[in-house]
Every structure is written in C-alpha cells, then in structure tokens.
Amino acid sequence: MKKPAVLAAVLATTLLAAPARADDFPAAISVSGEASVSAAPDLAQLDAGVASDAKTAKEASDANNAAMGKVLLALKGAGIAEKDYQTSRLSLQPQYGQNKSTGASPVVGFRASNRVTVKIRDVTKVATIIDTLVSAGANDIGNISFEVTQASKLLDDAREQAVADARRKAEIYAKATGVTLGTPLSVSEGGGPVPLFKARVAAAPMAAPAAVAPGEETLSVTVNVSWAIKAGQ
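Residues numbered from 1 in each chain as written. Predicted model: local features only at pLDDT ≥ 70, side-chain atom pairs only at ≥ 80, totals over all residues. Heavy atoms only, no water.

Enquirer: Teacher, can you tell me more about the sheet that holds strand β8 (residues 217–231) here?
Expert: Remark on secondary structure: sheet strands pair via backbone hydrogen bonds, oriented parallel or antiparallel. Strand order in the open sheet formed by 3 strands is β1-β8-β6, and the pairing between neighbours is antiparallel. Looking at which strands have only one partner, the edges of the open sheet turn out to be β1 (28–39) and β6 (179–190). Across the sheet, the mean angle from the axis of one strand to that of its neighbour is 30°, orientation sign disregarded. As defined by bridge partners, β6 adjoins β8 across 9 bridges and the pair is classed as antiparallel. For E189, the partnering residue across the bridge sits in β8 and is V223. On top of the sheet, helix α5 (residues 156–177) reaches β1, β6 and β8; it is set at about 145° to β1, its chief contact. (Pairing = 2+ DSSP bridges. Helix = DSSP H or I, 4+ residues; strand = E, 2+ residues; numbered from the N terminus. Axes fitted to C-alpha atoms, helices over the stretch in contact; angles between N-to-C directions. Contact = heavy atoms within 4.5 Å.)

Okay, structure coming up:
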C-alpha cells in the first residue's frame, strides 16, 4: 500500500501532465500595477485628557468636571467647532494604599479622568491647539494623527498610472512568451492609504510651543488586471 505522501505526489504529477481543456479557464496574463502620489494632510486628530485625584469619589468627579470644562471652553475659544470634539473616555476609579501591618489594601482616594478627541481642520494650528489645551489644564495629550480627507479623489491620477504600469508588465510577459495581449478580462483594486504619522506627546506644561511636523502622506494604489492573450503575430 502506497503512503499518503507518495499518493499525493503521484496525483499532483498526473494533474500537471494532463492537458487543460480550453473551456476550463480563459488564456490570460494577470499582473499587478502600482502607483503613488504624495499630498499634504489637511486634517489632524488628537486626544486630550485631564485626571483629578481626591479623597472622595464626589470630590474627584467634581474637580475633574471643572477641569474638563476649562479645556472645552479653551477649545471653543480657539475656534474649534463643537462638532469637532467629543468625549472619548470617562472613568472614576478607587486608588488603593498599602497597610503594612495587616497587608490589606484600603481605598485611600479616587481618580477621575476624562478624555476628549479633537479634530483640527487647519493642520497649521496643531501646535497652537496643543499649547492651548495644556494651558487650560489638560495633563495627558497624545494619539496625534494626520490624514488626507480627499485621498480617493487624489488617487484618480495614480489609478491611471497603475493600470499603465500593469499593462507595461503584461506586455513584457507577452513578448517573452510569444503571445499578444487582448482585451482586459478583469480589473480590481487593492490596498489603500494609511495615516502618515502617529505620535504621543508628553503633556507637561511647556515653556516653548509644541513642535509638530505634519509632513506629507504617500497614497498608494494597486490594481490587479487580467488580459486575454492570443497567439503572437
């Protein structure tokens, strides 16, 4: 009796040796084309938070609400529309101490925290907004990201270039194998733009303005194209 591995090898050899019927699949050359474009981001997003400690839950919560109220007021004063900031996390947690004599961990206070996510539609103002938040009492700022909001529209030229790149590659394969390209059988797009930059910023009071560089984002597109082929002429 033949072993499974031997049977598999024999079967694979048989399938490779058997001629494919013309109606099994169309004769084609399939390749991928790529292109990219660079663009400056036009939207920034960051998180800002405040944390407050107190002996009681109410005191911690009241202090935190007051602190966040100042932060939200500062955002409004900086020209950020209300639709562009929203609470992303709110928590109230007990803080535990250590009783060395008994080994117990009694509650010694409470910490209240509140985070808000802010969209900045003028990326040139990111550093200014960070400084405003810190001055208003935000003690935790981070998760800064930049993006291009019209990425798909900006990629339209790159899509044409990607198809041209795919055709170039297909023509090389066609020439090497002695056939000519026919009409495209299928076209599909893969991949997509990703954020250029993400970082965390320490939110201790800053004597100098925060240094933030949005840079540029490289948007890439990949297309997969299959061309029918015919005998070379």
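Next, the rest of the story.
Enquirer: Teacher, can you tell me more about unusual backbone geometry here?
Expert: With glycine set apart, most residues show a phi of negative sign, and most peptide bonds adopt trans. At N143, a position not held by glycine, the phi torsion is positive, near 50°. On the secondary structure map, N143 appears in strand β5 (residues 140–147).

Enquirer: Hey, could you run me through the nonpolar core in this one?
Expert: For soluble globular proteins, nonpolar side chains are generally found buried alongside one another. Membership of the largest hydrophobic core comes to 24 residues, with the highest contact counts inside it found for L46, V118, L133 and I141. Looking at this core, the elements that each hand over two or more residues are β2 (43–54), α2 (57–77), β4 (107–120), α3 (126–136) and β5. A total of 6 residues in this core trace back to one element, the largest contributor, which is α3. If you look at the next biggest cluster of nonpolar residues, it comprises 18 residues, including A39, A166, V223 and W227. (Core = buried A, V, L, I, M, F, W, Y, C linked by side-chain atoms within 4.5 Å. Buried < 20%, exposed > 50% of the residue type's maximum accessible area, 1.4 Å probe, protein only.)

Enquirer: So what exactly am I meant to see when it comes to the side chain of S226 here?
Expert: Here S226 shows up in strand β8. The class of S226 is buried, set by a relative accessible area of 14%. Non-local contacts of S226, meaning those with residues more than four positions away in its chain, are made with I29, S30, T183, P184, L185 and S186.

Enquirer: In this structure, what is going on with the packing of α2 against α3? I would like to understand it.
Expert: In helix packing, the relevant descriptors are the interaxial angle and the interaxial distance, both defined with respect to the helix axes. One can describe the packing of α2 onto α3 by two numbers: an axis separation of 8 Å at closest approach and a directional angle of 150°. Between α2 and α3, the crossing angle belongs to the class labelled roughly antiparallel. Crossing hand, α2 versus α3: right-handed. Contact residues: α2 offers A67, K70, V71, A74 and L75, while α3 offers I129, T132, L133 and A136. (Parallel < 35°, antiparallel > 145°, perpendicular 65-115°, else oblique. Left-handed = near helix turned anticlockwise from the far one by under 90°.)

Enquirer: Which parts of the structure should I look at to understand the pattern of salt bridges?
Expert: As a working rule, side chains carrying opposite charge can pair if their charged atoms are close by. Evaluation of the coordinates by the stated rule reveals 10 salt bridges. In this structure, R115 engages D140 in a salt bridge whose closest nitrogen and oxygen atoms are separated by 2.7 Å. Here R115, found in strand β4, pairs with D140, found in strand β5; they are 25 residues apart in sequence, far enough to count as distant. Relative accessible area serves as the criterion here: at 27%, D140 is assigned to the partly exposed category. Notably, a salt bridge pairs R168 with D165, separated by 2.8 Å at the nearest N-O pair. One end of the pair, R168, and the other, D165, are both in helix α5, 3 residues apart, so they sit about a helical turn from each other. (Salt bridge = Lys/Arg side-chain N within 4 Å of Asp/Glu carboxyl O.)

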